[in-house]
Amino acid sequence: MSNDLAGVWEVALSDGVHRIEFEHGTTTGKRVILVDGKEILRRDWMFKLVGKETFSVGKSETKATINIDAVSGFAYEYTLEINGKSLKKYMENRSKVTSTWVLNLDGTDCRVVLEKDTMDIWCNGQNIETAGEFVDDGTETHFTLGDHNCCVKAVSSGKRRDGIIHTLLVDGTEVAECTE
């Protein structure tokens, strides 16, 4: 990593939390983007120091854009957009469309993500095979992690504003949801 590091962002997607690093050489015009420590874009000797760089992140190839804007003189501002939204707006929206749980199973840290719109379940970057069923008070989505039986229960809160409440059960024990 050179001393041209201009920005670092952590982006939580269904397949994991990705680290995006951006180097900007304001004297050479160099631009380098690293995702999870791997260089995915390099441009040397660019004469235009402002602009944008678009690339993809994660297994679902989510669109990301780094905007480079001049603030004053030779000072620059760097902002990250995910799917056309500021990182802050994207993360606010993401918390509405996903539920995330972090737990330790048999000494292994697991990050379980439910995509509420598709009911897809991810664990540590892998899309998990599931079996869904309707039950008296909602739905249950069953899957296994190692030797553990897991289930995401979806139950109506009874309040329109709160919508559906998703709960993760591992071997019958409820796991607390985390906020990213």
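In short, a report on the structure. (Residues numbered from 1 in each chain as written. Predicted model: local features only at pLDDT ≥ 70, side-chain atom pairs only at ≥ 80, totals over all residues. Heavy atoms only, no water.)

**What to know about the side chain of Glu23**
Relative to the helices and strands, Glu23 is located in strand β2 (residues 16-24). Here Lys30 takes part through its side chain, which lies 3.2 Å from a polar atom of the side chain of Glu23. (Helix = DSSP H or I, 4+ residues; strand = E, 2+ residues; numbered from the N terminus. Polar contact = N/O pair within 3.5 Å; in protein donor to acceptor, adjacent residues only side chain to side chain.)

**Focus on the pattern of salt bridges**
Tallied over the full model, the rule gives 11 salt bridges. Asp4 is paired through a salt bridge with Lys30; the nearest N and O atoms lie 3.2 Å apart. Of this pair, Asp4 sits in the segment before β1 (5-13) while Lys30 sits in the loop between β2 and β3 (31-35); the two residues are 26 residues apart in sequence, bridging distant segments of the chain. Overall, Asp4 belongs to the partly exposed group, its relative accessible area being 24%. Measuring nitrogen to oxygen at the nearest pair gives 3.2 Å for the salt bridge that ties Lys30 to Glu23. Residue Lys30 shares its accessibility class with Glu23, and that shared class is buried. Overlapping salt bridges bring together Asp4, Glu23 and Lys30 as one network. (Salt bridge = Lys/Arg side-chain N within 4 Å of Asp/Glu carboxyl O. Buried < 20%, exposed > 50% of the residue type's maximum accessible area, 1.4 Å probe, protein only.)

**What to know about the sheet that holds strand β5 (residues 51-57)**
Strand order in the open sheet made by the 4 strands is β5-β6-β7-β8, with antiparallel pairing throughout. For this open sheet the edge positions go to β5 and β8 (85-86), each flanked by a neighbour on one side alone. (Pairing = 2+ DSSP bridges.)

**Comments concerning the pairing of strand β16 (residues 164-170)**
With 7 bridges joining them, strand β15 (residues 148-156) and β16 adopt antiparallel strand pairing. Each bridged residue has a counterpart across the sheet, and for Lys153 the counterpart in β16 is Thr167. Direction of pairing for β16 relative to strand β17 (residues 173-175): antiparallel, over a ladder of 3 bridges. Its bridge partner being in β17, Val170 is matched across the sheet by Thr173.

**So, unusual backbone geometry**
Notably, Trp45 is not glycine yet its phi reads approximately 55°, a positive angle. Tracing the backbone through its elements, the reader meets Trp45 in the loop between β4 (38-43) and β5. Trp45 gets classed as exposed once you look at its relative accessible area, which sits at 62%.

**Brief notes about the sheet that holds strand β12 (residues 126-128)**
Read from one edge to the other, the open sheet built from 4 strands follows the order β9-β10-β11-β12, with strand pairing classed as antiparallel. Strand pairing shows two members of the sheet lacking a second neighbour, β9 (98-105) and β12, which therefore form its edges. Strand-to-strand twist in this sheet, taken as the mean axis angle between neighbours without regard to direction, amounts to 30°. For strand β11 (residues 120-123) and β12, the ladder comprises 3 bridges, and the chain directions are antiparallel. For Cys123, the partnering residue across the bridge sits in β12 and is Gln126. (Axes fitted to C-alpha atoms, helices over the stretch in contact; angles between N-to-C directions.)

**A short note on helix α1 (residues 87-97)**
For α1, the complete set of buried residues consists of Leu87, Tyr90 and Arg94. Viewed end-on, α1 has its buried residues packed into an arc of 60°, placing them on one side of the element. Residues of α1 that are exposed and point more than 90 degrees away from the buried face comprise Lys88, Lys89 and Lys96. Where α1 is buried, its residues contact β1, β6 (62-72), β7 (75-82), β8, β9 and β10 (108-115). (Arc of directions from axis to C-beta. Contact = heavy atoms within 4.5 Å.)

**A look at the pairing of β11**
Note that β10 and β11 share 4 bridges and pair antiparallel. Within the sheet, the bridge partner assigned to Val113 lies in β11 and is Trp122. Hairpin connection of β11 to β12: 2 residues between the antiparallel strands, including Asn124 at a positive phi of 50°.

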